[in-house]
Each structure stands twice: as C-alpha cells, then as structure tokens.
Amino acid sequence: MPPSIQESFPSTPGKVKMEQGNYFSRAASRWHSTAAARLFIFSVLLLAVTVFIWFRVTAHEVLDVYSRGGTFSGSNGGTIRPGFKSDYSWEKQVRQSCSPTREGGLIVLVTGAAGFVGSHVSLALKKRGDGLVGVDNFNDYYEVSLKRARQDMLAKHGIFVIDEDINNAALWTTLFDLVQFTHIMHLAAQAGVRYAMQNPGSYVNSNIAGLVTLFEACKSANPQPSIVWASSSSVYGLNSKVPFSESDRTDQPASLYAATKKAGEEIAHTYNHIYGLSITGLRFFTVYGPWGRPDMAYFSFTRDILRGKPINIYQGQNNKDLARDFTFIDDIVSGCVASLDTAGKSTGSGGKKKGAAMLRIFNLGNTSPVTVPTLVDILESHLKVKAKRNLIKMPRNGDVPFTHANVSLAQNQLNYKPTTDLDTGLKKFVNWYLKYYDVQKKLKIRFSLDNR
Ligand SMILES: O=C(O)[C@H]1O[C@H](OP(=O)(O)OP(=O)(O)OC[C@H]2O[C@@H](n3ccc(=O)[nH]c3=O)[C@H](O)[C@@H]2O)[C@H](O)[C@@H](O)[C@@H]1O
C-alpha cells in the first residue's frame, strides 16, 4: 500500500501502536547510535538473566530442602551445599591421594572414610599400595572430634578425605571427571538402630537418597566402577531361623534403620539390572574395635563404667539375655578388601547396560554370638572396674533379641575367616580407648595452658 493511502486510513489501535513504534524506534535509533547505549542495554539484559537464574536455583533449593522436611542445615547439623567447586590445590590433593603405589593397584572412592569401618578400610587399602580418596560429611551424630582424629590419622598416611555430603551430585560430577575410579567402597550411612526413632529423616537422607545419588553417578561414569557397600545384619529383623543365611527372609525389619538398609539392597538390584553395575552388599554384624563408634553399647558401656555411672542392660521376653554376633573390625576389613578384589567389572557404559553384571550379598559376622551381660563381664576384666548394672526390659525401639551369622558363602567366595574372639578384640579396644582418651585429655590440658 502506498504511504499516502495508508496515512489517509482512520486510526486503529494497530495504527496507533505503529505510530508509537515509529516514535520509539526513532528515539531508540538515536540511543543505539552510541556504543555506551549498547553496553547499557546489554548490561540490563545480563542482569535480568542473572537474577532469573539465581531466583530459579534458590527456589529449587528451598523446595528441595522443604520436601525433605528440613531446614537449611543438614540432618545432623551439616550444611547443605547446592553445588561444588574445586580448585587447583583440591584437585592436586585428590590426584595424589588416588595414585596407587603398586602395579595394578585399585583406585577406590571410600565414602564414610572418617567413620569407624571407613577409616580402617582406607588405611588397609593405602598400606597395600592402592590409591584412594575419602568422602565424609563429618556430621555430629557422635563426637566430631573422633572423626577429625581419624581424618588426621589418614592424612598422615597420605589419604585425603573430602568434607562433603554424599547427596551432593555436583561433587560426584567433579570427582568422576577428575579420577577414573575402579572401585567404590560405600560405607557412608546413618548408622544406629535406636536413633532412627529420634531422627527418621536422617536415615532416609543418607541410606536411601545418598545411595541413589551415588549409584546415579556410578552408572553414568565411563568406565563404570565396581561397587561394594555396607548393608547390615539388621535386615534379618524378626527372622528366627539361626544362624542367619543370606537366603533367609529379610522382609520383616524391626527398625527404620533396617528398613532403609533393606531398601538399599533392593535399589542395588535395580541399578545392577538396568545399568549393569557390579554391586556387592555386605551385611555387617555388630562391628567393634579400636577407633569405634561411641554410640554402640561396648563403647558407651566402657565410658560409663570408667566414670562410675550405671549402665542399662536390656533383656528380652522372660528376662532372656540379648545376644549379638560381635565382629572385630580387622575381620570386617578383610571381608571388605576381599570383596573389592573379587568384584567383577561393571558392564555398562554411557549409562547403558552392555551385559549381565555381578550382584552379591554376604554376611560378615563372627559366627559365635555372645550375650550382653557376658560382654560387660569381659569389659570389667579388661578395665579392672566393676560395672553398675541396671537390668531393664528391652524398650520397643527397633532392637532384635539376637543375631548369629552363617558366613559359609563369604568363606567360599571371599575366603573370609573371622579370627578374633570377643575377649581378644575387646582387649585391643580397651587399650586403644585408654590411650586415645588419655592423649585427648593431655592435648586439652596443653591447649588450655597455651591459651592462658
Ligand atoms: O549388626 C548390625 O547390623 C548393627 O550393629 C549395631 O547395632 P546393635 O547390634 O544394636 O549394636 P549396639 O547398639 O552396640 O547394641 C548391642 C547390644 O547391646 C544392647 N544394649 C544397647 C544399649 C544399651 O544401653 N543397653 C543394651 O543392653 C542392645 O540391645 C544390643 O543387644 C550397630 O549400631 C548398627 O549400626 C549395625 O548395623
């Protein structure tokens, strides 16, 4: 349409806009004519995009935290970090720690490395020349200073422990880009049977969500690592067939802790089935020993006996003593290392299964249950102090009356043979306990003198 005819048409909203458009485009063209104006518009756009992205990330994090029913601090006081940033010195520490010192040495990621079993397994692997890096979130379920002391001990042997949560997917992306792990030793978990009634969310967060986050990273890794992880004797729950064999029923968990470990075993099946991950689950039976967990009975009893405080000894129905298949840490370490050594390769790549992969479950126990009062007798003899015993009815808090492992499968396939009886093992524990807490006391005194 020629401009003269177009101008003679009556005004319409469209026209008015067009005229406004012309006005603004003239004004804009004046602005555009300067480089400063272009820069200004670009900056405004950049700011808008940044604000938009920040808002989305923050909103997502808030929803994520609230969906877990929590606050912005972790389930045990740790801080939830939305991402992960590495730097040169961090990468250097990871690389150094992961370098094997023997030919054909494994390259292992150990989660829960500052924990009881994790620190022992890490040390054993390093000592025989494997490369490894640890991850631990140092939560305050029990005294953090003990976890830090284990970390110091590992650092002296050249093992780097990353202070992070297993739910941090960004950590796994960074770490798996940096290192090609041959194996994962997954020991990070929310442990303890009775604490599950106080903090159920913590069990779901670590033992289910954390496990899935890690499996997701493993499935996408290229090549995929082989995985060994800690399940628990508690999966046998109310099973009354003794001794407990891997083929026994495990669908009657007595605690939420046991239920999350059982769920872990099912999740392991899924990742093996869909993605070809090689996965070995280990059902540990009440592990004890030096550098142990203060929340466990043998440890807290020792502390209370030495302080002259009474201890509660639970009893089952008809005042029957409870019994556990207490297993010494060195035997558990042998079982863990043998599981790593015998693990088949994962078969998937690029997140896709290429063939059937190994899926195993083993009991790692001692095969000779001991009653709790006998445990106390042994502690008394090594501590040379009499316990003040309160016999009380077992509270309904997830406990089971007894555990007893059949380890013939582990014996056949891992050459697993527990060699430490409870008396020998507790003697080693008591020696460590007295030394460790005496050292800690001296350090505290020296620290307070230094700060005067
Ligand atoms: O084998 C396992 O799967 C589990 O072993 C332990 O659980 P638990 O056997 O209950 O070990 P303790 O908490 O040390 O209790 C040992 C025995 O002492 C008894 N006990 C515990 C505490 C107490 O104050 N009094 C008492 O008599 C318990 O009832 C139990 O029979 C660990 O805490 C779990 O993390 C682990 O998974």
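Residues numbered from 1 in each chain as written. Predicted model: local features only at pLDDT ≥ 70, side-chain atom pairs only at ≥ 80, totals over all residues. Heavy atoms only, no water.

Under an unreviewed UniProt entry, the chain has the name NAD-dependent epimerase/dehydratase domain-containing protein and belongs to Sphagnum troendelagicum. In its Sequence similarities (unreviewed entry) section, UniProt records this for the chain: "Belongs to the NAD(P)-dependent epimerase/dehydratase family." (UniProt positions renumbered as here; feature names shortened; annotations may be inferred.)

Student: For this particular structure, what's the right way to read the overall build of the chain?
Tutor: For the chain, the count of helices and strands is 14 helices and 13 strands. The buried share of the chain, reckoned over its 452 residues, is 48%. Carbon and sulfur atoms form 58% of the exposed surface of the chain, whose accessible area is close to 23,300 Å². (Helix = DSSP H or I, 4+ residues; strand = E, 2+ residues; numbered from the N terminus. Buried < 20%, exposed > 50% of the residue type's maximum accessible area, 1.4 Å probe, protein only. Areas by Shrake-Rupley, 256 points an atom, 1.4 Å probe, with all protein chains shown as cover.)

Student: What's the story with the nonpolar core in this structure? I'm lost.
Tutor: Across soluble globular proteins, you tend to see nonpolar side chains buried next to one another. Judged by nonpolar contacts, the single largest core of 77 residues is most densely connected at Val-117, Met-185, Phe-284 and Tyr-298. With eight residues, helix H14 (residues 422-450) is the largest single contributor of residues to this core. Those residues in contact with Val-117 that lie beyond four places of it in its chain are Leu-187, Phe-284, Val-287, Ile-329 and Ile-332. Of all hydrophobic cores here, the second largest spans 33 residues; its members include Phe-84, Val-94, Leu-109 and Phe-181. (Core = buried A, V, L, I, M, F, W, Y, C linked by side-chain atoms within 4.5 Å. Contact = heavy atoms within 4.5 Å.)

Student: Before we go on, may I ask you to explain the UniProt feature "domain: NAD-dependent epimerase/dehydratase" (unreviewed entry) in the chain in this structure?
Tutor: With numbering aligned to this structure, UniProt lists the feature "domain: NAD-dependent epimerase/dehydratase" (unreviewed entry) at residues 108-342. With 43% helix and 18% strand, the stretch residues 108-342 has end C-alpha atoms that lie 14 Å from each other.

Student: Just to check I follow, could you spell out the packing of helix H5 (residues 116-127) against helix H11 (residues 329-342) for this structure?
Tutor: Relative placement of two packed helices is described by the angle separating their axes and the distance separating the axes. Between H5 and H11, the least distance of the axes is 10 Å, while the angle of their chain directions is 60 degrees. For the element pair H5 / H11, the angle class is oblique. Crossing geometry of H5 relative to H11 is assigned as right-handed. Counted together, Phe-116, Val-117, His-120, Val-121, Ala-124 and Leu-125 of H5 and Ile-329, Ile-332, Val-333, Cys-336, Val-337 and Leu-340 of H11 form the full contact between these two elements. Taken together, the residues of the contact of H5 with H11 break down into 11 nonpolar, one polar and no charged. (Axes fitted to C-alpha atoms, helices over the stretch in contact; angles between N-to-C directions. Parallel < 35°, antiparallel > 145°, perpendicular 65-115°, else oblique. Left-handed = near helix turned anticlockwise from the far one by under 90°. Nonpolar A, V, L, I, M, F, W, Y, C, P; charged D, E, K, R; others polar.)

Student: Help me out: how do you make sense of the site of the ligand in this one?
Tutor: Neighbouring residues of the ligand: 22 residues in total, closest Arg-194, Ser-232, Tyr-257, Thr-286 and Asn-312. The side chain of Tyr-257 places a nitrogen or oxygen atom 2.6 Å from an oxygen atom of the ligand. Between the ligand and Thr-286 there is a distance of 2.7 Å, counted from an oxygen atom to a backbone nitrogen or oxygen. When isolated, the ligand has an accessible area of 700 Å², and the protein chains bury 92% of it. Elements that contribute at least two residues to the shell around the ligand include exactly helix H10 (297-307) and strand E8 (310-315). (Near = heavy atom within 4 Å. Polar contact = N/O pair within 3.5 Å; in protein donor to acceptor, adjacent residues only side chain to side chain.)

Student: So what exactly am I meant to see when it comes to the environment of Gly-112 here?
Tutor: Structurally, the position occupied by Gly-112 is in the loop between strand E1 (107-111) and H5. Relative accessible area serves as the criterion here: at 9%, Gly-112 is assigned to the buried category. Gly-112 sits 22 residues away from Gly-134 along the chain, and the two C-alpha atoms are 7.1 Å apart. Residues in contact with Gly-112, not counting those within four places in the same chain, are Gly-118, Ser-119, Val-135, Asp-136, Leu-187 and Ala-188.

Student: Any chance you could explain the pairing of strand E6 (residues 279-284) here in plain terms?
Tutor: Sheet faces and side chains relate simply in a regular strand, where the side chains alternate between the two faces. The buried count for E6 comes to six of six residues, which makes it a mostly enclosed element. Pairing of strand E5 (residues 226-232) with E6 involves six bridges; the strand directions are parallel. Note that in E6 the partner of Trp-229 across the bridge is Gly-281. Tracing the backbone out of E5, into helix H9 (residues 256-275) and back to the parallel element E6 gives a crossover that is right-handed. As paired elements, E6 and strand E11 (residues 359-364) share six bridges and run parallel to each other. (Pairing = 2+ DSSP bridges. Right-handed = clockwise from strand over helix to strand, strands pointing away.)

Student: I tried to follow the environment of Leu-434 on my own but got confused; where do I start?
Tutor: Within the fold, Leu-434 resides in helix H14. Between the alpha carbons of Leu-434 and Leu-383 there is a distance of 9.1 Å; along the sequence they are 51 residues apart.

Student: Can you walk me through empty space enclosed by the protein in this structure?
Tutor: In this approach, a probe sized like a water molecule rolls over the atoms, and the result shows the empty space that is left. Scanning the model with the defined rule gives one cavity of 30 Å³ or more in all. Of the voids in this model, the largest cavity is the one considered here, and its volume is about 60 Å³. Taken together, His-186, Leu-187, Ala-188, Ala-189, Ser-206, Asn-207, Leu-211, Trp-229, Ala-230 and Lys-261 form the lining of the largest cavity. Going through the elements one at a time, helix H8 (200-220) and E5 are the ones with two or more residues in the lining of the largest cavity. Broken down by element, the lining of the largest cavity gets its largest block of residues, three residues, from H8. Each residue belonging to the lining of the largest cavity can be placed in one class, and the counts come to six nonpolar, three polar and one charged. (1 Å grid on protein atoms, 1.4 Å probe; cavity = no way out; pocket = protein on both sides within 12 Å on 5 of 7 lines; lining within 4 Å. Points joined across faces, edges and corners; volume = space filled by probe spheres on them.)

Student: Where do I start with the packing of aromatic side chains in this structure?
Tutor: Centre distance and the angle of the planes are the two values used to describe a pair of aromatic rings. Taken as a whole, this structure holds 30 aromatic pairs when the rule is applied. Ring geometry for Tyr-236 and Phe-285: centres 6.3 Å apart, planes at 35 degrees, overall tilted. Of this pair, Tyr-236 sits in the loop between E5 and H9 while Phe-285 sits in the loop between E6 and strand E7 (287-288), and the two are 49 residues apart along the sequence. Phe-285 carries the same exposure label as Tyr-236, and that label is buried. Measuring from centroid to centroid gives 6.4 Å for Phe-244 and Phe-285, while their planes differ by 40 degrees, and the two rings are tilted. Taken as a pair, Phe-244 in the loop between E5 and H9 and Phe-285 in the loop between E6 and E7 lie far apart in primary sequence, 41 residues in all. (Phe/Tyr/Trp six-rings, centres within 6.5 Å; stacked < 30°, edge-to-face > 60°.)

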